[in-house]
Amino acid sequence: MIKLRYRIYALVTIFAFFAAGCVNNSSLTENSGEVKNIIFIIGDGMGLSHMYSTMTVYTGEMNITELKSIGFCKTHSYDNYITDSAASGTALATGSKTRNGMIGLAPDSTMLMSLIELAHLNGLAGGVVSTSTVTHATPASYVSHNISRNNYDEIAEDFLITQPEVFIGGGLDNFENREDEKDLVAELRKAGYNVVVSIEDLLEVDSDRVAGLLAPGHMPKMSEGRGDMLANSAKIAIETLSKNKKGFFLMIEASQIDWGGHANDTQYIIEETADLDKTLGVVLDYAKQNGETLVVVTADHETGGMTLTGGDLAEHSVEASYSTGGHSGICVPVYSFGPQSVRFTGFFDNTEIFEKFAYLLSLKE
Ligand SMILES: [Zn+2]
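Fair warning: this is a prediction, and the values are worked out from it, not measured in the lab.

What counts, and where the lines are drawn
- Residues numbered from 1 in each chain as written.
- Predicted model: local features only at pLDDT ≥ 70, side-chain atom pairs only at ≥ 80, totals over all residues.
- Heavy atoms only, no water.
- Helix = DSSP H or I, 4+ residues; strand = E, 2+ residues; numbered from the N terminus.
- Rg over C-alpha atoms; globule rule 2.2 N^0.38 Å.
- Buried < 20%, exposed > 50% of the residue type's maximum accessible area, 1.4 Å probe, protein only.
- Contact = heavy atoms within 4.5 Å.
- Areas by Shrake-Rupley, 256 points an atom, 1.4 Å probe, with all protein chains shown as cover.
- Donors = N, O, S within 2.8 Å, 3.2 Å for Na, K, Ca; no water.
- Pairing = 2+ DSSP bridges.
- Polar contact = N/O pair within 3.5 Å; in protein donor to acceptor, adjacent residues only side chain to side chain.
- Expected span 1.5 Å × (residues − 1).
- Patch = residues over 30% accessible without salt bridge, like charges linked within 9 Å, V, L, I, M, F, W, Y side chains within 5 Å.
- Salt bridge = Lys/Arg side-chain N within 4 Å of Asp/Glu carboxyl O.
- Lys, Arg positive; Asp, Glu negative; His and termini not counted.
- Charge placed at Lys NZ, Arg CZ, Asp CG, Glu CD.
- Axes fitted to C-alpha atoms, helices over the stretch in contact; angles between N-to-C directions.

Take the overall build of the protein chain next. Counting its secondary structure elements, the protein chain contains 14 helices and 14 strands. The C-alpha radius of gyration of the protein chain comes to 19 Å, within 12% of the 21 Å expected for a compact globule of 365 residues. Projecting the C-alpha coordinates of the protein chain onto the three principal axes gives extents of approximately 65 × 45 × 45 Å. In the protein chain, buried positions account for 58% of the 365 residues. At a minimum sequence separation of 6, the contacts of the protein chain that also span at least 24 residues come to 73%. Per element, the accessible surface of the protein chain, about 14,500 Å² overall, is 52% carbon and sulfur.

Below, the structure is given as structure tokens:
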């Protein structure tokens, strides 16, 4: 049923391109190329104002401008017009709406299979990278099933069950400094993981199973010296996952754009969004050379109700104002690059991103 719907959609899209007289080699690839790998970048809380303020302030071309297929995605959860990161993470990871606060579970608490679990069932590799703890809502949605996003120690145990080939971020305390005193780092090593706790050791790693737990809690802010942690982690994650010749799914989260939004802190937002863009550069280098990698960038929701009330392109400055210290209900942009990227144009629901990914990687339950 899903297949048929997509076939019709593909035909209509191709016809539309012929009709518009704008078929060239690159648009043919964007319409029809093989997708072996998907790299999905989530800017947590990253609305259009977050991106455009960063484009205004940073000189030079941003990598995001290379993503020519652009759409909009609805973010509401099962029980709320304004989603939280757990419900939207679950929608993106499993294709099902759920209640705010829930991870990888349907509204009635039944288990939902995530893209990484589906990738494993079909012989592909999967991974997550974030600048928060790896147990935080967005990465957790791909790995865990829990009634509450706040059960971080329980969520950490699910990494030993799902066993993504690579996971990199903060959150070491949820693995080795736990209330129940279990040593999950030892268990990860027993399960064949190369566990590293510093970025220096991460850069040396050459393994088909990597757990990078690079801080006790969340990673520091860019302004506190996080450096190229996200870009470097993306590089190592791609190197690790691409050892699987059948393909892979990788989710990379720039987690702290959301925290800048909650704090209504424009500088924080811009530094974290620029870090996402730098990481996107690493991802695009791989995707261009590989040719069978689809890259999609979006947000789980907008944070701050951020709008630009002034600015100066020559001075590279912006003035922003905010309508909330929480999330807003506005839809978010979806930017994509590579084979089949035209499928991510237009207006759609966040659950459809999962459906499109599962279809393109031919993932079956
Ligand atoms: Zn979020």
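Alright, that's what it looks like, and here's the rest.
Turning to helix α3 (residues 48–57), its buried residues are S49, H50, M51, S53, T54 and T56. Buried positions along α3 lie against α12 (257–262), α13 (266–290), β9 (302–303), β10 (307–312), β11 (317–321) and β13 (332–337).

Moving on: the coordination of the zinc ion. Six octahedral donors around a metal ideally subtend angles of 90 or 180 degrees, whereas four tetrahedral donors ideally subtend 109.5 degrees. Distances from the zinc ion to its protein donors, namely D44 (OD), D44 (OD), S85 (OG), D300 (OD) and H301 (NE2), fall within the range 1.8 to 2.7 Å. Along the chain, the residues that donate to the zinc ion are spaced as D-x40-S-x214-D-H. On the criterion of sequence distance, the pair formed by S85 in helix α4 (residues 85–94) and D300 in the loop between β8 (293–298) and β9 is long-range, its members being 215 residues apart.

Turning next to the pairing of β8. Counted residue by residue, β8 has six buried out of six residues, so it is predominantly covered. For strand β1 (residues 37–43) and β8, the ladder comprises six bridges, and the chain directions are parallel. When the sheet's bridge partners are listed, I41 is paired in β8 with V297. By the bridge criterion, three bridges tie β8 to β13 in an arrangement that is antiparallel. Each bridged residue has a counterpart across the sheet, and for V297 the counterpart in β13 is Y335.

The next thing to look at is the environment of H327. Summarising the element assignment, H327 is placed in strand β12 (residues 327–328). Exposure remark for H327: the relative accessible area of 16% places this residue in the buried category. Through-space distance from the C-alpha of H327 to that of G305 is 7.0 Å; in sequence the pair is 22 residues apart. Excluding anything up to four places from it in sequence, H327 contacts I82, T83, D84, S85, D258, H262, H301, E302 and T303. Here the side chain of H327 touches D258 through a polar contact of 3.3 Å, side chain to side chain.

Under the 1.5 Å per step criterion, the end-to-end length of α13 is 36 Å for 25 residues, consistent within 8% with the ideal 36 Å. When you tally the buried positions in α13, you get 18 out of 25 residues, the bulk of the element. Where α13 begins, the side chain of D265 points an oxygen toward the backbone nitrogen of Q267, at a separation of 3.3 Å. Positive backbone phi, at 80 degrees, marks G291, one or two positions downstream of α13.

Moving on, we get to a negative patch on the surface. A surface patch of like charges, here negative, comprises D173, E176, D183 and E187. Turning to its location among the elements, E187 is positioned in helix α9 (residues 184–190).

Turning our attention to the pattern of salt bridges. All told, the structure shown has 12 salt bridges when counted by the stated rule. Here D84 and R149 are joined by a salt bridge, their closest N and O atoms 3.0 Å apart. Residue D84 is found in the loop between β2 (69–74) and α4, and its partner R149 is found in the loop between α6 (137–141) and α7 (152–162); the two are separated by 65 residues along the sequence. Across this residue pair, the class does not change: D84 and R149 are buried. A salt bridge links E272 to R226; the nearest nitrogen and oxygen atoms lie 2.7 Å apart. A residue pair is termed long-range when its members are at least 10 positions apart, and E272 in helix α13 and R226 in the loop between β6 (210–213) and α11 (229–241) qualify at 46 residues. Look at E272 and you get buried, because its relative accessible area is 2%. By relative accessible area, R226 is classed as buried at 6%. Three or more residues joined by partner-sharing salt bridges are found here, namely E157, R178, D180 and K182.

So, about the sheet that holds β2. Within the open sheet, the 10 strands sit side by side as β5-β6-β4-β3-β7-β1-β8-β13-β2-β14. Their pairing is mixed. Edge positions in the sheet fall to β5 (194–196) and β14 (346–349), since each has one partner strand and no second. Averaged over all pairs of adjacent strands, the angle between their axes in this sheet comes to 15 degrees, without regard to strand direction. Along the sheet, helix α14 (residues 350–360) makes contact with β1, β2, β7 (248–254), β8, β13 and β14, crossing β14 at roughly 95 degrees.

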